[in-house]
Amino acid sequence: MKEAVTARRVPTPERPPEQRLRDFDEVNLGYTFELAVEEAKRCLQCPVEEAPCAKACPVHIKIPLFIEKLRRYSDARTAVKEALRVIWRDNLLPAITGRVCPQELLCEAACAKGRVGEPINIGKLERFVADYAREHGIDDELLEEQLPRVEAKRGRVAVIGAGPSSLTCASELAKIGYKVTIFEALHKPGGVLLFGVPEFRLPKKVLEKEVERLKRLGVEFKLNCIVGKTITLDEIRREYDAVFIATGAGTPKLLNIPGILLNDVYSANEFLTRVNLMKAHKFPEYDTPVRVGRKVIVIGAGNTAMDAARTARRLGAEVIIAYRRGREDVTARAEEVRHALEEGVRFMFFVTPIEILGDERGNVRAVKFMKMKPLEERNRESKRKIMPTGETVVVEADTVIIAIGLVPNKLIWENVPELEVTSEGTLKVDGDLMTSIPGVFAGGDIVRGEATVIEGMGDGRKAAKAIHQYIQRSKHQQAILKV
Ligand code: SF4
Ligand code: SF4
């Protein structure tokens, strides 16, 4: 009986769909201390060095160890502080990763408990630790203990972009005594976490607190600064000992079909930026509007498509997600798909858009799709191959949102011929994430194409280590030359 009970994970409370459609507040309410301890007690406590969960985590958080702290101390403050101390050794942004990591494909997919029941809810435990610490000032207390006591004079590092990869790299370097400056094109730091992920998935106050922590570590932010326009890469290189480029992938892929230029065809990137960053849903209180019709079609089935669809639902539209493959090949996180369905988003599978139809005023009125047929064969990503059936279907819509992916912005390397670029339009790097220019490193989407937040953060950590070695090696060589 006991086994049957512990085989199932302790659920986290969520707000009901009718309520969440009326606002942009967070959907999942997270664990209380009591629930977190109950979930922590399900963990099998695999030996830390061999724990499959930690091996599968891109930044290798010592998961059994932080879970053990939650089990060991009955006092919530002590338990959380000790658990946070363990997490911070490998990840300074747990409130973010606990929310946006695809845990079901990473740590939780590998969890040994998953063989005898549901895997441990690692992401939600991580989020609990971070949230409880933030809400009770425990993170400030721990940071105070850990602030570098030495002046930041090991070297100067420039970080270009202020997304998850950059924030991680900057924090790792600041912690060991580097003076780090982050150059960001937008007026606020956060990158994709700021403009891409909606408030109902990642409240902006969580992000702001993480940025605040970096400032306390001595990291300087130069905002509204576009590298390639406001300042060149060469100018930055002259001032800094090393550079880390992590400007992400911010240029949307669009469809090459008739009607793409009609009014109210958005890229998901533009649509989400208008709402998340410019607060378009609060127009005229904020001055950037967003026009969303009654019927919205979102094309694509990744997390961005779910975010766009669920945002459009909150703006009052009926929403259909159209995807050329089937349900089994949807790339969005299972939790996001479930939330979208609960909130009334409908799905159309095995359809690919071939034309967006407009009215006499140039506004969208419908989308014409080709019906697709699944084949037995699978592609390199293990997705079912598909082929057109020749049969079409027209679906009424007054807004179309294209969410089929992003590619890196070329601005950074356009005037820097020494920076080598791959045929996929990403920056070429070696095993240490160094580009073709010595001392210039890169990571995240600008190297990987499209990656997850945690993969970008993993690159940030790896680059910080390589940058540290590079600077210390260069300084050592200079010292030898002087002798
Ligand atoms: Fe799991 Fe992501 Fe946390 Fe790693 S960072 S433990 S993969 S949720
Ligand atoms: Fe606990 Fe699962 Fe990690 Fe084992 S693999 S330590 S059961 S979370």
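Thresholds applied
Residues numbered from 1 in each chain as written. Chains lettered and ligands numbered in written order. Predicted model: local features only at pLDDT ≥ 70, side-chain atom pairs only at ≥ 80, totals over all residues. Heavy atoms only, no water. Helix = DSSP H or I, 4+ residues; strand = E, 2+ residues; numbered from the N terminus. Rg over C-alpha atoms; globule rule 2.2 N^0.38 Å. Contact = heavy atoms within 4.5 Å. Areas by Shrake-Rupley, 256 points an atom, 1.4 Å probe, with all protein chains shown as cover. Lys, Arg positive; Asp, Glu negative; His and termini not counted. Charge placed at Lys NZ, Arg CZ, Asp CG, Glu CD. Buried < 20%, exposed > 50% of the residue type's maximum accessible area, 1.4 Å probe, protein only. Pairing = 2+ DSSP bridges. Axes fitted to C-alpha atoms, helices over the stretch in contact; angles between N-to-C directions. Near = heavy atom within 4 Å. Nonpolar A, V, L, I, M, F, W, Y, C, P; charged D, E, K, R; others polar. Salt bridge = Lys/Arg side-chain N within 4 Å of Asp/Glu carboxyl O. Domains from an automatic or database assignment. Buried area = accessible area lost by both parts, 1.4 Å probe. Polar contact = N/O pair within 3.5 Å; in protein donor to acceptor, adjacent residues only side chain to side chain.

A tally of regular secondary structure across the protein gives 20 helices and 15 strands. Its C-alpha radius of gyration of 23 Å places the protein within 12% of the 23 Å reference for a compact globule of 483 residues. Over its C-alpha atoms, taken along the principal directions, the protein stretches across nearly 75 × 65 × 50 Å. Taking as baseline every contact in the protein between residues at least 6 positions apart, the subset at least 24 positions apart corresponds to 70%. Carbon and sulfur atoms make up 51% of the accessible area of the protein, which totals about 22,100 Å². Charged side chains of the protein number 76 positive and 69 negative; the gap between the two group centres comes to 2 Å.

Let's shift gears to the pairing of strand β13 (residues 399-402). Burial of β13 is two-sided: the residues Thr399 and Ile401 facing one way and the residues Val400 and Ile402 facing the other way are all buried. Pairing of strand β6 (residues 265-267) with β13 involves three bridges; the strand directions are parallel. Looking at β13, one finds that Tyr266 is bridged to Ile401. Of the pairings in the sheet, the one linking strand β7 (residues 295-299) to β13 comprises four bridges and is parallel in character.

Here we have three strands laid out as an open sheet, ordered β10-β11-β12, and antiparallel in their pairing. Strand pairing shows two members of the sheet lacking a second neighbour, β10 (351-358) and β12 (384-396), which therefore form its edges. Across the sheet, the mean angle separating the axes of adjacent strands is 15° when strand polarity is ignored. Pairing analysis gives nine bridges linking strand β11 (residues 364-378) to β12, with the strands arranged antiparallel. Following the sheet pairing, Arg378 is matched in β12 by Arg384.

Moving on, we get to the site of ligand 1. The immediate surroundings of ligand 1 are formed by Cys57, Pro58, Ile61, Ile63, Thr97, Cys101, Gln103, Leu106, Cys107, Glu126 and Ile454. Taken together, the residues of the shell around ligand 1 break down into eight nonpolar, two polar and one charged.

Let's shift gears to the pattern of salt bridges. Summed over all chains, the structure comprises 50 salt bridges. For Arg333, the salt bridge goes to Glu104, with nearest N and O atoms at 3.4 Å. One end of the pair, Arg333, is in the loop between β8 (318-323) and α17 (334-342); the other, Glu104, is in the loop between α7 (94-100) and α8 (107-110), with 229 residues separating them in the sequence. With relative accessibility at 5%, the residue Arg333 sits in the buried group. Among the salt bridges present, the one from Glu239 reaches Arg156, with a minimum N-O distance of 3.3 Å. Residue Glu239 is located in helix α14 (residues 233-239), and its partner Arg156 is located in strand β1 (residues 156-160); the two are separated by 83 residues in the primary sequence. The partly exposed category is assigned to Glu239, whose relative accessible area is 48%. Residue class for Arg156 comes out partly exposed when judged on its relative accessible area of 34%.

The extent of an interface is frequently quoted as the accessible surface area lost upon association of the parts. Each assigned domain of the protein is listed here: domain 1 (2-146), domain 2 (156-250 + 408-482) and domain 3 (252-406). Taking only C-alpha atoms, the centre of domain 1 and the centre of domain 3 are 33 Å apart. Each side of the interface is counted separately: domain 1 has 15 residues, and domain 3 has 14 residues. When the area that domain 1 buries against domain 3 is broken down by residue, the three leading residues are Arg20, Leu21 and Phe24, summing to 50%. There are five salt bridges connecting domain 1 and domain 3. For the pair domain 1 and domain 3, the number of links is twelve residue pairs in polar contact (both at pLDDT 80 or more). At the level of secondary structure, the elements contributing two or more residues to the side of domain 1 that touches domain 3 comprise α2 (17-20) and α7. Grouping the constituent residues of the side of domain 1 that touches domain 3 by class yields seven nonpolar, two polar and six charged.

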